[in-house]
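Fold and contact review
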Amino acid sequence: MNRLLSVLVMCVAMVASAQEAGGLTWTAPKEWEAQGERPMRAATYKLPAAKGDAEGGELAVFYFGQGQGGAVDANVKRWLGQFQTADGKPVDKAAKTKTEKLNGMPVTTVDVKGTYAGGGPMMGPSTPKPGYRLLGAIVEGPEGALFFKLTGPEKSVAASEKAFRKLLESVKKK
């Protein structure tokens, strides 16, 4: 019985810690499956595949510490650089970026579609993936920026767009 209780306490603690970083908390949708620990990530979620997609999306949440992780504009530029159009051109002009305040914090969002080339050996696919989409958000919290990067096939990401927005609206200071 004690062993079962210990396992239960550990599971609850893992779920709680997976939804907070950098002095901020958030609530992930129930249909998103929390994944195990990964290098450099505060949390990772597997999103369901939309009808017709072979795979779902993934939301990676990064927190590097106060004053770490680079400037917001540099990160937006890096994310856009991970995509190209079908004919191999930059996606900068087609991408949508927006800055707003959510729960009193500056938030910059990014929406880009195209061929996803990834973000390096630990952050993306080994081969380019056409028909992909990225929804990203950088929340500037009191202890540093929190980076939310949702990637996947366009239909699967579109199906999770409202849930992603709801997650962003749930981000609050601890």
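Keep in mind the model is a prediction, meaning the values are calculated, not measured.

1. Remarks on the environment of Thr 99
Inspection of the secondary structure assignment puts Thr 99 in strand S7 (residues 96-102). With ten residues separating them in the primary sequence, Thr 99 and Thr 109 have C-alpha atoms 6.4 Å apart.

2. A word on helix H2 (residues 72-81)
Listed in full, the buried residues belonging to H2 are Val 72, Asn 75, Val 76, Trp 79 and Leu 80. The buried side chains of H2 occupy one side of the element, clustering within an arc of 135 degrees when seen end-on. Facing away from the buried side of H2, by more than 90 degrees, are the exposed residues Asp 73, Lys 77 and Gly 81. Where the residues of H2 are buried, they touch strand S6 (83-84), S7, strand S8 (105-116), strand S9 (129-141) and strand S10 (144-153).

3. Quick word on the nonpolar core
By size, the foremost hydrophobic cluster in this structure holds 25 residues, and its most contacted members are Trp 26, Trp 32, Tyr 45, Leu 59, Phe 148 and Phe 164. Of all the secondary-structure elements, those providing two or more residues to this core are strand S4 (41-46), strand S5 (58-63), S8, S9, S10 and helix H4 (161-170). Core analysis: the second largest hydrophobic core is formed by 17 residues, Val 72, Val 112, Ile 138 and Phe 147 among them.

4. Looking at H4
The complete set of buried residues in H4 reads Ala 163, Phe 164, Leu 167, Leu 168 and Ser 170. Looking straight down H4, one finds its buried side chains confined to an arc of 160 degrees; they lie on one side. Across from the buried face of H4, at angles greater than 90 degrees, the exposed residues are Lys 162 and Lys 166.

5. What about the sheet that holds strand S2 (residues 24-25)?
Spatially, three strands are ordered S1-S2-S11 in an open sheet, and the strand pairing comes out antiparallel. Strand pairing shows two members of the sheet lacking a second neighbour, strand S1 (20-21) and strand S11 (172-173), which therefore form its edges. As paired elements, S2 and S11 share two bridges and run antiparallel to each other. Residue pairing for S11: Thr 25 is matched across the bridge by Lys 172.

6. Some remarks on the confidence of the model for the protein chain
Taken as a whole, the protein chain shows an average pLDDT of 88; of its residues, 85% reach a score of 70 or greater. Counting interchain partners and residues more than four positions distant, the pLDDT-below-50 stretch residues 2-18 has four contacts.

7. Some words on the pattern of salt bridges
Taken as a whole, this structure holds nine salt bridges when the rule is applied. Glu 55 serves as the salt-bridge partner of Lys 129, at 3.2 Å between the closest nitrogen and oxygen. In this pair, Lys 129 sits in strand S9 while Glu 55 sits in the loop between S4 and S5, placing the two residues 74 residues apart along the sequence. Overall, the relative accessible area of 24% leaves Lys 129 in the partly exposed class. One salt bridge connects Glu 161 with Arg 133, and the closest N-O pair in it is separated by 3.1 Å. Within this pair, whereas Glu 161 is found in helix H4, its partner Arg 133 is found in strand S9, the two being separated by 28 residues in sequence. Connected through shared salt-bridge partners, Arg 38, Arg 41 and Glu 58 make up one network.

Cut-offs and rules
Residues numbered from 1 in each chain as written. Predicted model: local features only at pLDDT ≥ 70, side-chain atom pairs only at ≥ 80, totals over all residues. Heavy atoms only, no water. Helix = DSSP H or I, 4+ residues; strand = E, 2+ residues; numbered from the N terminus. Buried < 20%, exposed > 50% of the residue type's maximum accessible area, 1.4 Å probe, protein only. Arc of directions from axis to C-beta. Contact = heavy atoms within 4.5 Å. Core = buried A, V, L, I, M, F, W, Y, C linked by side-chain atoms within 4.5 Å. Pairing = 2+ DSSP bridges. pLDDT = per-residue confidence, 0-100. Salt bridge = Lys/Arg side-chain N within 4 Å of Asp/Glu carboxyl O.

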